[in-house]
Every structure is written in C-alpha cells, then in structure tokens.
Amino acid sequence: MSMAAGEYVSVHSQADTERADLDRERAELHADEHGEKLELAAIYVSRGLDHDLAQQVAEQLMAHDALGAHARDELGINEAMRAHPVQAASASACSFAAGGVLPLIAAALAPEPYLIVVVAASSLVFLAALGILAARAGGADWRRSAIRVTFFGALAMAVTAAAGALFGAIV
C-alpha cells in the first residue's frame, strides 16, 4: 500500500502540473492567438520545416485543435503519455506485491539462523533476474540493467539495515 500511495501522490502531482500547463496555454491562446500561431510555426521550423510550410501546418493544426497542437508540440503532452495516477498506483502495488513473493518464499523456507542472509541474498538474485528480464523485454543491455537494479537494491537494503541498527531494531 505504501508503494501504491507514493506512486499515486507522485503521478497525481505530475497530472496537476500537466493540467496547470494546459490551463496556462489555454489562457495564452485566448489572449494572443496570433502570437501562439507564430510560436507553433517556430517550433516546426526548428524541427526542419521551411517557414511557409511551418506556418501552414501551424494554421491547420490550430484550426483543428489549437490547445491539442500546443500541448503536444510545445509542452510535450499527449494523451498516450499523460499522467494516470490510479493506473500508476495499481501497477506499483501489483509490481511490489509480485516482487515480494519470491523473497517471502525464501524467508519461509530458510532455517532461522540464516534467515537474514538467505532473504538478502535471494532478494539480490531475484532483483538481478528481474533486471535482466526487464532489459530483454525493452531491448536494452541486460548487463547494465542487472548491475543497476542489484546495486540499488543492495544499497536500499544497506540503508534499511543501518536505520534498523541505529534505532535498535537490528543487532
């Protein structure tokens, strides 16, 4: 629940920022439509269109959906990339729960004297495996991904253990 709540708050903040950007853009379009058309045309020129074609594209896009054109081309906001807090929270909660299953099984099967070592070691192995799977799914370098995920997982465990030792929860 903590992971889901954190993700929800974070992504909701992003959605609030997007909404504020769109509100500002809507006000700018209302106050100075001609200036906004020139601004959009300048964006297209910077992307390689000649001036006349950029003007034409800006005019046609603004005639169809001025706010949508500015959101996409000026602000970088499009529907596919918009922030969706509930979706992010659900994905985070499911990922966290699924990722916790294997270390939980390891903890259930480990002999008590080796519990901390087994859970820590198995967690790092599982993190490396998930880093590899994620990299392969995305077409990225699996070595770099496995190292990054394992390193930051180990760092998180070390910081957690240090905090536990500092407050007397771990001896």
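Everything below is about the structure shown above.
This structure is a prediction, so every number in the text was calculated from the model and none was measured.

Student: I would appreciate a short explanation of the overall build of the protein in the present structure.
Tutor: Looking only at helices and strands, the protein has six helices and zero strands in total. Of the regular secondary structure in the protein, the N- to C-terminal order runs α-α-α-α-α-α. Relative to the globule expectation of 16 Å for 171 residues, the C-alpha radius of gyration of the protein, 24 Å, shows a markedly less compact shape. Over its C-alpha atoms, taken along the principal directions, the protein stretches across nearly 75 × 35 × 25 Å. The buried share of the protein, reckoned over its 171 residues, is 24%. Nonlocal contacts in the protein, meaning residues at least 24 apart in sequence, comprise 55% of its contacts between residues at least 6 apart. Here the protein displays about 11500 Å² of accessible surface, and carbon together with sulfur accounts for 66% of that area.

Student: How should the environment of A106 be read in this particular structure?
Tutor: Position of A106 relative to the elements: it lies in helix α4 (residues 85-109). Considering only alpha carbons, one finds A106 and A20, 86 residues apart in sequence, at a separation of 47 Å.

Student: Is there a simple way to explain the pattern of salt bridges in this structure?
Tutor: Side chains that differ in charge, positive against negative, can pair when their charged atoms come close. Under the counting rule described, the total for this entry stands at six salt bridges. As a salt-bridge pair, R47 and D73 come within 3.2 Å of each other at their nearest N and O atoms. Separated by 26 residues along the polypeptide, R47 in the loop between α2 (33-46) and α3 (51-73) and D73 in helix α3 bring together distant segments of the chain. The exposure class assigned to R47 is exposed, which follows from its relative accessible area of 53%. One salt bridge connects D73 with R72, and the closest N-O pair in it is separated by 3.7 Å. What you see here is one network of salt bridges that share partners, running through R47, R72 and D73.

Rules used throughout
Residues numbered from 1 in each chain as written. Predicted model: local features only at pLDDT ≥ 70, side-chain atom pairs only at ≥ 80, totals over all residues. Heavy atoms only, no water. Helix = DSSP H or I, 4+ residues; strand = E, 2+ residues; numbered from the N terminus. Rg over C-alpha atoms; globule rule 2.2 N^0.38 Å. Buried < 20%, exposed > 50% of the residue type's maximum accessible area, 1.4 Å probe, protein only. Contact = heavy atoms within 4.5 Å. Areas by Shrake-Rupley, 256 points an atom, 1.4 Å probe, with all protein chains shown as cover. Salt bridge = Lys/Arg side-chain N within 4 Å of Asp/Glu carboxyl O.

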